[in-house]
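Next come the chains, spelled out residue by residue.
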Amino acid sequence: MITQIKKVDGKSIKLAVNILRADGVIGMPTETVYGLAGVGTSSNAVKKIFEIKGRPSDNPLIAHVHKRYDLNKLVFIEQPYVKKLIKKFMPGPLTLVFKSKGVVVNEAVCGGETLAVRMPSHKGCQKLLKAINLPLVAPSANISKHTSPVTATHVYNDLNGKLELILDGGKCLGGIESTVLDVTDVVPRILRAGLVTKEMIEKVVGSCEIAQHKETDKVKSPGVKYRHYKPKCDTALFSKTQLDKVLELYEQKQKEGLKPFIMCSNDLADKFSGKNLLLLGTTGKEIASNLYDKLLEGEKIADIIIAVSFDREDGVYLGITNRLRKSCG
Ligand code: TXA
Ligand code: MG
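The structure presented is a predicted model; accordingly, all values stated were derived computationally and were not measured.

A.B. asks: A description of the pattern of salt bridges should follow, citing residues and the corresponding values.
C.D. replies: Applying the stated criterion to the full structure yields eleven salt bridges. Of the charged contacts in the structure, one is a salt bridge between E297 and K294, with a shortest N-O distance of 3.2 Å. Linking E297 with K294, this pair stays in helix α8 (residues 284-301), spanning three residues, or about one helical turn. The exposure class of E297 is partly exposed, given its relative accessible area of 35%.

Put into C-alpha cells, the structure is as follows:
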C-alpha cells in the first residue's frame, strides 16, 4: 500500500472521509499528537487499528468527535460537574471517561463498559470530524510502545505502507497526549496526566484525584501499565542534582566512539556548553510541545539520549515527568 501525505484541505478531507467510510484508517492531526483514526462504529476499522499499531488487545481507544456533536448519543453523562468541565475544556486536550451506550463498538473499548471521548481543538481535525459526523476512534499514530508522533513525517516513519493517507495538519502544538479523566464517580480521577492539569480541573470542579496505578491496583486505564514512548536509541535519565553523572556518562560514551546527546531544559544549556544538546525549551508548555519531537530527532542522530529530568510534578510537569520516565527511565 502506498501511503500519501496530504495537507488538510477540503479535497484531502473528502478523500479521508471516503477512506474512513470504507472502513479504512488514516493518520489524523490533533492538537496533542497525531492519531490513527477509523470509524468507531465499525468493527473492521477498529480491528485494523489494533493490527497496524501492534496494540495490546486490552487497551481501549478514545473516540474523537466534533465540537457540536451531542455526547449523549455515545455515553451516559451522570455526574453534574461534567457540564462545567465540558464548557471549560472542550474542545481541547481533555478526554473524559463515561459509561458507554455501546454505539462505539465493543472492540474499541475492549469489552469494557466505559468509553473515553474527546473533542480535539485542532482546526483541520475539527473539519474532518464535522465532515464525517461520526465518532472516530484513534490511538496515537505510532507503532505500539514507540514515541508518539507530532508531525505527519513522524507518522510516515512508523506506519509507511500500512495506511493510505496521512492528513498533514502541521506540528502538534500540545506535544503530549490528552489528560484522561474518569468522570463516572462523584470525584473525577486523572487516569493519565496531560496538558489539562489537576490544578486546572480543581479550579472548575473543586476536587480531583490522581489514580495511583500501583502494581496491585486494578488498572483502570490499561495504557498506563505498558512501557511507552521509547525512542529507538539508548536512553538514560538523571535528576537535576546529578549533572556530574550526566557529564561522566557523556564522556564515557564519547570514549567508546559513540555519539551521545544531552536532552534538557534551556536553563541547563550553560552547564553543558560545547556538548551535543537536544534543548526542550524553558516553560512547561514549551517542554511538553517539544518533548516527543526532540526524542524522535534524537533517535535519528544520537547513539544515546541522556535526559535530565525536571524534578517537579506540579501542573503540566506531572504529565511531562511521567512521559520522560517512561521514554528514558
Ligand atoms: O491526545 C490523545 O489522547 C491522543 C490523540 C490522538 O487524541 N490519543 C491517545 O490515544 O493518546 P492512546 O490510545 O495512545 O491512549 C489512550 C489512553 C490509554 O492510556 C488508554 O488506556 C486510555 O486512554 N483509555 C482509553 N479508553 C479508556 C477507557 N474507557 N477507560 C479508561 N482509560 C481509557
Ligand atoms: Mg499512545
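A.B. asks: So what about the nonpolar core? Which residues, and what values?
C.D. replies: Nonpolar side chains tend toward joint burial in soluble globular proteins. In terms of nonpolar packing, the biggest core is built from 71 residues, with L85, L96, L181, I201, M263 and L291 touching the most fellow members. Shared between two domains, this core holds at least three residues of each, these being domain 1 (4-210) and domain 2 (234-328). In this structure, I19, L20, V39 and L129 belong to the second largest nonpolar core, which totals 17 residues.

A.B. asks: Provide a residue-level description of the packing of α8 against helix α9 (residues 317-328), including the pertinent values.
C.D. replies: At their nearest, the axes of α8 and α9 sit 10 Å apart, and the two run at 20° to each other. One finds that α8 runs roughly parallel with respect to α9. Pair α8 / α9 crosses with left-handed handedness. On the side of α8, the interface is formed by G284, I287, A288, L291, Y292 and L295, while α9 contributes Y317, I320, R323, L324, S327 and C328. Of the residues assigned to the contact of α8 with α9, the class counts are nine nonpolar, two polar and one charged.

A.B. asks: Outline the side chain of H122, supporting the account with residue identities and numerical values.
C.D. replies: By the secondary structure assignment, H122 is in the loop between β7 (114-118) and α4 (123-132). A polar contact of 3.1 Å, which involves the side chain of H122, links it to the backbone nitrogen of G124. Each residue touching H122, except ones within four places of it in the same chain, is listed here: P29, T30, E31 and G169.

A.B. asks: For the pairing of β7, give the residues involved together with the corresponding values.
C.D. replies: The side chains of a regular strand alternate, first on one face of the sheet and then on the other. The element β7 is extensively covered by neighbouring structure, given that four of its five residues are classed as buried. Judged from the five bridges that link them, strand β6 (residues 94-100) and β7 form a sheet pairing that is antiparallel. Within β7, the position partnered with V97 by the bridge is A116.

A.B. asks: So what's going on with the environment of T147? Which residues, and what values?
C.D. replies: Topologically, T147 is positioned in the loop between β8 (136-137) and α5 (152-159). The class of T147 is buried, set by a relative accessible area of 1%. Each C-alpha atom, one on T147 and one on D293, is 8.9 Å from the other, the two residues being 146 residues apart in sequence. The contacts of T147, once residues within four sequence positions are left out, are N142, Y229, K230, P231, Y292, L295 and L296. A polar contact of 2.9 Å, which involves the side chain of T147, links it to the backbone oxygen of Y229. Here the side chain of T147 touches K230 through a polar contact of 3.4 Å, landing on its backbone oxygen.

Cut-offs used in this document
- Residues numbered from 1 in each chain as written.
- Chains lettered and ligands numbered in written order.
- Predicted model: local features only at pLDDT ≥ 70, side-chain atom pairs only at ≥ 80, totals over all residues.
- Heavy atoms only, no water.
- Salt bridge = Lys/Arg side-chain N within 4 Å of Asp/Glu carboxyl O.
- Helix = DSSP H or I, 4+ residues; strand = E, 2+ residues; numbered from the N terminus.
- Buried < 20%, exposed > 50% of the residue type's maximum accessible area, 1.4 Å probe, protein only.
- Core = buried A, V, L, I, M, F, W, Y, C linked by side-chain atoms within 4.5 Å.
- Domains from an automatic or database assignment.
- Axes fitted to C-alpha atoms, helices over the stretch in contact; angles between N-to-C directions.
- Parallel < 35°, antiparallel > 145°, perpendicular 65-115°, else oblique.
- Left-handed = near helix turned anticlockwise from the far one by under 90°.
- Contact = heavy atoms within 4.5 Å.
- Nonpolar A, V, L, I, M, F, W, Y, C, P; charged D, E, K, R; others polar.
- Polar contact = N/O pair within 3.5 Å; in protein donor to acceptor, adjacent residues only side chain to side chain.
- Pairing = 2+ DSSP bridges.

Just distances and angles here, no functional claims.
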